[in-house]
Amino acid sequence: MNNQTQNDVEVSVITTTYNSLEYLPLSIESIQNQTFNNYEHIVVNDGSTDGTKDYLDSLKDQKIRVIHLERSGRGVALNKGLEESKGKYVAILDADDFSVNMRLEIQYATLREHPQYDLIASPFEIFSDQEDIDIDSKQNDAMVSSATERKLELKDFIYGNPICHSSVMMKKEFISHLGNYDQTRDELFDFDLWIRALISSYDSNMYNLEIPLIFRNLHDQQYFESRKRINYLLKTYALRRKLLENNDSPIYYKIVIFFVLIYGFLPRFFRKIFMN
């Protein structure tokens, strides 16, 4: 029997979902299989029409708290999860990704060991179907024990988004101080949050672990590879401009972010060539 009360919860995992039933069970299972036990998993269903509601209502796990919304947008769904969360720390997991079994344990221990850290994220690996997944390879004790963290600086946000949103664990007071997610946006909720952290008076300390704790499922339904990609790239560029305008930074950074924008316009095939 689970004797843990909501007020005892240390970590609140938040997953928002909209018509992600194909991937959601694996995502939820990855949290159920965590080696860390002092958590709650808040799943916010943002008006799904694909059977997600029935699936979530069938779950019997006491650690899972389901919230059903009318279609409101991801920003509203994320903020609703934050509003309902009881933990001192908040972890994010997208509905189409999954965490390795030791993710919460590693991130919680890191934040407790370094109280000056506001946020800890990790790299990710990519999977396209479940047959390619090798969870056990990510549970190597030697790799975990040798994990180090690197503080993220302004320059890291010039070339890309160095923080995988789905891998984040952060202090709840950190995101509360920043005003939570901007639910007036249509996209880039995470990147906007990191930019606001960098230009605010809050002395934020954001770090990346150097071991992957997340598997990401990259598919055509995702915003940044959809027909709206151009709009996504332009808004990313605008956020980078905002970052540079509010910080003392080298003038050549403005040139760099322009070329990053041009690179983003290239078809995926050509971008893969450059990456290789």
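Summarised in this report is the structure supplied together with it. All of these numbers come straight from a predicted model, not from anything done at the bench.

Cut-offs used in this document
- Residues numbered from 1 in each chain as written.
- Predicted model: local features only at pLDDT ≥ 70, side-chain atom pairs only at ≥ 80, totals over all residues.
- Heavy atoms only, no water.
- Helix = DSSP H or I, 4+ residues; strand = E, 2+ residues; numbered from the N terminus.
- Buried < 20%, exposed > 50% of the residue type's maximum accessible area, 1.4 Å probe, protein only.
- Contact = heavy atoms within 4.5 Å.
- Areas by Shrake-Rupley, 256 points an atom, 1.4 Å probe, with all protein chains shown as cover.
- Core = buried A, V, L, I, M, F, W, Y, C linked by side-chain atoms within 4.5 Å.
- Lys, Arg positive; Asp, Glu negative; His and termini not counted.
- Salt bridge = Lys/Arg side-chain N within 4 Å of Asp/Glu carboxyl O.
- Polar contact = N/O pair within 3.5 Å; in protein donor to acceptor, adjacent residues only side chain to side chain.
- Phe/Tyr/Trp six-rings, centres within 6.5 Å; stacked < 30°, edge-to-face > 60°.
- Lys NZ or Arg CZ within 6 Å of the ring centre and 35° of its normal.
- Expected span 1.5 Å × (residues − 1).
- Arc of directions from axis to C-beta.
- 1 Å grid on protein atoms, 1.4 Å probe; cavity = no way out; pocket = protein on both sides within 12 Å on 5 of 7 lines; lining within 4 Å.
- Points joined across faces, edges and corners; volume = space filled by probe spheres on them.

Some details on the overall build of the protein
Within the protein, the secondary structure is distributed over 11 helices and 11 strands. When the 276 residues of the protein are sorted by exposure, 50% land in the buried category. In the protein, the share of contacts with a sequence separation of at least 24, taken over all contacts with a separation of at least 6, comes to 79%. When the accessible area of the protein is evaluated, it comes to approximately 13,900 Å², of which 49% is carbon and sulfur surface.

Comments concerning the nonpolar core
By size, the foremost hydrophobic cluster in this structure holds 37 residues, and its most contacted members are Leu119, Ile163, Tyr181, Trp194 and Met206. Elements with a contribution of two residues or more to this core: α3 (74-84), β4 (89-92), β6 (119-121), α6 (156-159), α7 (172-177), α8 (189-199), α9 (229-245) and α10 (252-265). The biggest single contributor to this core is α8, with six residues. Discounting chain neighbours no more than four positions away, the residues touching Tyr181 are Leu78, Asn79, Leu82, Ile92, His165, Met170, Ile175, Phe189, Leu193 and Arg196. Membership of the second largest hydrophobic core comes to 26 residues, among which are Ala91, Phe98, Leu104 and Leu111.

What about the side chain of Asp118?
Examined against the element boundaries, Asp118 turns out to sit in the loop between α4 (103-113) and β6. Among buried Asp, Glu, Lys and Arg side chains, Asp118 stands out as unpaired, with Lys171 the closest opposite charge at 4.0 Å. A polar side-chain atom of Asp118 sits 2.8 Å from the main-chain amide nitrogen of Asn205. Ignoring sequence-local partners within four residues, the contact set of Asp118 consists of Met169, Met170, Lys171, Phe174, Tyr202, Asp203, Ser204 and Asn205.

A closer look at the packing of aromatic side chains
Under the defined criterion, the tally for this structure stands at seven aromatic pairs. Aromatic side chains Phe258 and Phe259 sit 5.8 Å apart centroid to centroid with 75 degrees between the ring planes, which places their arrangement in the edge-to-face category. A network of ring pairs unites the aromatic residues Phe36, Tyr89 and Tyr108 as a single cluster. If you follow Lys63 out to its NZ or CZ, it ends over the ring of Tyr39, 4.8 Å from the centre. A cation sits over an aromatic face here: Arg71 above Tyr18, 3.6 Å from the ring centre.

Overview of the environment of Val44
Note that Val44 resides in strand β2 (residues 39-46). Since its relative accessible area comes to 0%, Val44 is described here as buried. Once the C-alpha coordinates of Val44 and Ala77 are considered, the two residues, 33 residues apart in sequence, prove to be 6.1 Å apart. Ignoring anything within four residues of it in the chain, the contact list for Val44 reads Thr15, Thr16, Thr17, Ile67, Leu69, Ala77 and Gly81.

What about α9?
The end-to-end C-alpha separation of α9 is 24 Å, in line with the 24 Å expected for 17 residues at 1.5 Å each. Turning to α9, its buried residues number three or more, namely Arg229, Leu233, Thr236, Tyr237, Leu239, Arg240, Leu243 and Leu244. Buried residues of α9, seen end-on, are gathered within an arc of 160 degrees and therefore sit on one face of the element. Looking at α9, the residues exposed on the side facing more than 90 degrees away from the buried face are Ile230 and Glu245.

Thoughts on the environment of Val66
Checked against the element boundaries, Val66 lands in strand β3 (residues 64-69). Put simply, Val66 and Lys53 are 13 residues apart on the chain and 9.1 Å apart in space, counted from C-alpha to C-alpha. With residues near it in sequence (within four places) discarded, Val66 still touches Val43 and Leu56.

Points about the layout of surface pockets
Its volume calculated, the second largest pocket comes out at about 170 Å³. Lys151, Leu152, Glu153, Leu154, Ala197, Leu198, Asp203, Ser204, Asn205, Met206, Leu243 and Asn247 are the residues that line the second largest pocket.

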